[in-house]
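Tertiary structure, described
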There are 2 protein chains.
Amino acid sequence: MKVYLAGPEVFLPDPEAAGRAKKEVCARHGFVGVFPLDGSLNLDGVSGPDAATRIFDHNVALMQACDLVIANMTPFRGASADVGTAFEMGYMHALGKPVFAYSNLQDDFSARSMSWLEGEVLEREDGRMADRFAMEIEDFGLADNLMLDGAVIRNGAEVVRGPVGESRRYSELAVFEACVAEAAEILLKKDGDRKTG
Amino acid sequence: MKVYLAGPEVFLPDPEAAGRAKKEVCARHGFVGVFPLDGSLNLDGVSGPDAATRIFDHNVALMQACDLVIANMTPFRGASADVGTAFEMGYMHALGKPVFAYSNLQDDFSARSMSWLEGEVLEREDGRMADRFAMEIEDFGLADNLMLDGAVIRNGAEVVRGPVGESRRYSELAVFEACVAEAAEILLKKDGDRKTG
């Protein structure tokens, strides 16, 4: 089974190395990892929005070719995951393909949002905690916004979380590997059952 | 045509009022607006992740019942859109349903990211601008991450942006209305052509 490796690693200085490392983990658990930069992506002579849409088409084609997604939901420049990753989780869920995810931060979304907003948290008249725009701070005990966790939960799994030191936030693969193992347990075991059933 | 009104308005103190206001705009342009809180959502006796997954199922059912999405991509507690909204854009795009979007902030994603990161921007060895984790600051002249803008561009549109005062960031509907008008121009005109063609 081919796994689309969604996540903000594409923004690292050496994204190809990050992709290779994640693929090695996938291989150990019986999956073939597919990184967003895989395949031939020709950006010669294009820039700006034209280059962006070409990358968009490329990623969409890779998602179409994959059987599931394992998303890196580690918060990216804020309390939430990278929005490109969130888009891809929604895309794969709509196709009926399993969505697994992990985060290299342990805290609940609510605690993380409060910490991220620092002194700008207020209690609304309805008793809900909110930011300075009076926008409620979501509090369901999840890793992130309920649409992201919801897709994973409906898949019979949960967002795998672990505490990772800040210097390894976007490179540590231990939590990722636990997530890959969970996906293998759910999907490859199911596949095995079917074959022998 | 039914429009799923994705956006962070669900976090406002009076989300129902926000939904009604957006539906009035939709009606003026020939659309039926559907707000994420519409319909019957029973959360009696559930809380935490169980409540969250029930809301997730509810939103998924509403998206399935809609013909297109108009997403509020106005940045939410950071340089990017709300991740729930991003998930829903990906979900609708995968179903082949048109994705339109707008933002009440005018600046490009790159300029906004730089401003959001304040003194924490560095130039990498490869010449790219990056945050303190050396993660590249995406710079394609778009409103947000290329997966979000890409879905809108592939739909023959673009993310409608406008400058809105901070106090009206999550309530102003002028930019939203311009986006609804764009969707009507593209979809209802096309629909009209088909009927007469």
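Treat the numbers as computed from the prediction; the structure is a model and nothing was measured.

Facing 58 residues of chain B, the contacting portion of chain A comprises 58 residues. Taking both partners together, chain B and chain A bury about 5,000 Å²; carbon and sulfur atoms supply 70% of that area. On the chain B side of the interface with chain A, the three residues burying the most area are Arg 77, Met 135 and Met 147 of chain B, jointly 16% of the side's total. On the surface where chain B and chain A come into contact, there are 6 salt bridges. Two residues, Arg 77 of chain A and Asp 131 of chain B, come together in a salt bridge whose shortest N-O distance is 2.8 Å. Across the chain B-chain A interface, the total number found is 18 residue pairs in polar contact (both at pLDDT 80 or more). At the level of elements, α2 (48-65), α3 (83-94), α4 (109-117) and α5 (146-153) of chain B are the ones that each hand at least two residues to the side of chain B that touches chain A. Among the elements that line the side of chain B that touches chain A, the one with the most residues is α2 of chain B, at 11 residues. The residue inventory of the side of chain B that touches chain A, partitioned by class, reads 34 nonpolar, 10 polar and 14 charged.

For the rest of this paragraph, the subject is the relation of the copies chain B and chain A. Overlaying chain B on chain A yields an RMSD of 0.0 Å, the required transformation being a rotation through 180 degrees with an accompanying axial translation of 0.0 Å. Between the two chains, the operation in question is that of a two-fold axis. Here 100% of the interface residues in chain B have copies in chain A that are interface residues too; the copies meet face to matching face.

Before going further, it helps to spend a moment on unusual backbone geometry. Residues and elements named next belong to chain A. Positive phi, close to 60 degrees, is recorded for Arg 77, a residue that is not glycine. On the secondary structure map, Arg 77 appears in the loop between β3 (68-72) and α3 (83-94). By relative accessible area, which is 13% here, Arg 77 ends up buried.

Before going further, it helps to spend a moment on the packing of helix α2 (residues 48-65) of chain A against α5 of chain B. The N-to-C vectors of α2 of chain A and α5 of chain B enclose an angle of 95 degrees; their axes lie 9 Å apart at closest approach. Of the possible angle classes, the one that applies to α2 of chain A and α5 of chain B is roughly perpendicular. Packed against α2 of chain A, whose contacting residues are Ala 52, Thr 53, Ile 55, Phe 56, Asn 59, Val 60 and Met 63 of chain A, the element α5 of chain B presents Leu 146, Met 147, Gly 150, Ala 151 and Ile 153 of chain B at the interface.

Glancing now at the nonpolar core. With 105 residues, the main nonpolar core has Ile 70 of chain A together with Ile 70 of chain B as its most contacted residues. Per-element accounting of this core gives the leading share, 8 residues, to helix α6 (residues 174-196) of chain B. Those residues in contact with Ile 70 of chain B that lie beyond four places of it in its chain are Val 3, Tyr 4, Leu 5, Ala 6, Phe 100, Tyr 102, Phe 176, Cys 179, Val 180 and Ala 183 of chain B.

What the rule picks out here adds up to 0 disulfides over all chains. In this structure Cys 66 of chain A is not part of a disulfide, and its nearest cysteine sulfur, from Cys 26 of chain A, lies 9.7 Å away. Given the relative accessible area of 1%, Cys 66 of chain A is considered buried. Looking at Cys 179 of chain B, it has no disulfide partner, and the nearest cysteine sulfur is the one in Cys 26 of chain B, 9.6 Å off.

Residue and element names in this part refer to chain B. In terms of burial, strand β1 (residues 2-6) is a largely internal element, 4 of the 5 residues being buried. The sheet contact formed by β1 and strand β2 (residues 32-34) spans 3 bridges and is parallel. Along β2, the bridge assignment pairs Lys 2 with Val 32. Of the crossover connections in this fold, the one passing from β1 over helix α1 (residues 15-28) to the parallel β2 is right-handed. Summarising the sheet, β1 and strand β3 (residues 68-72) pair through 4 bridges and their orientation is parallel. Following the sheet pairing, Ala 6 is matched in β3 by Ala 71.

Rules of the game
Along each chain, residues carry numbers from 1 onward, in the same order as the chain's sequence is written. Here every chain gets a letter starting at A, and every ligand a number starting at 1, in the order they are written. Local features are withheld for residues below a pLDDT of 70 in this predicted model, meaning they are given only at 70 or higher, and side-chain atom pairs are given and counted only at 80 or more; totals for whole chains, interfaces and linings count all residues. Excluding hydrogens and water, the side-chain figures rest on all heavy atoms present in the structure. The contact definition used throughout considers only heavy atoms, calling two residues in contact when any of these lie within 4.5 Å. As used here, buried area is the combined drop in accessible area, with a 1.4 Å probe, of two parts when they are placed together. Each salt bridge in this description consists of a side-chain nitrogen of Lys or Arg and a carboxyl oxygen of Asp or Glu lying within 4 Å of one another. Throughout this description, a polar contact denotes any pair of N or O atoms lying within 3.5 Å of each other; where both atoms belong to protein, one of them has to be capable of donating a hydrogen while the other can accept it, and for residues adjacent in sequence the pair is counted only when both atoms sit in side chains. Helical segments are the DSSP runs of H or I of at least four residues, strand segments are the runs of E of at least two, and each set is numbered from the N terminus. In the scheme used here, Gly and all other residues not listed as nonpolar or charged are polar, with Ala, Val, Leu, Ile, Met, Phe, Trp, Tyr, Cys and Pro taken as nonpolar and Asp, Glu, Lys and Arg as charged. The copies were overlaid with a least-squares fit restricted to C-alpha atoms from residues scoring a pLDDT of at least 70 in each copy. Classification of residues uses two cut-offs on accessible area relative to the type maximum, computed with a 1.4 Å probe and protein chains only: under 20% is buried, over 50% is exposed, and between them is partly exposed. The convention used is that axes are lines fitted to C-alpha atoms, helices contributing only their stretch in contact, and that angles between N-to-C directions extend from 0 to 180 degrees. An angle below 35 degrees is treated as roughly parallel, one above 145 as roughly antiparallel, one from 65 to 115 as roughly perpendicular, and anything else as oblique. Definition of nonpolar core: a set of buried residues of the types Ala, Val, Leu, Ile, Met, Phe, Trp, Tyr and Cys, connected through side-chain atoms within 4.5 Å. In plain terms, two cysteine sulfur atoms within 2.5 Å form what is called a disulfide here. A strand pair is defined by DSSP finding two or more bridges across the two strands. Call a crossover right-handed when, viewed with both strands pointing away from you, the route from the first strand across the helix to the second goes clockwise.

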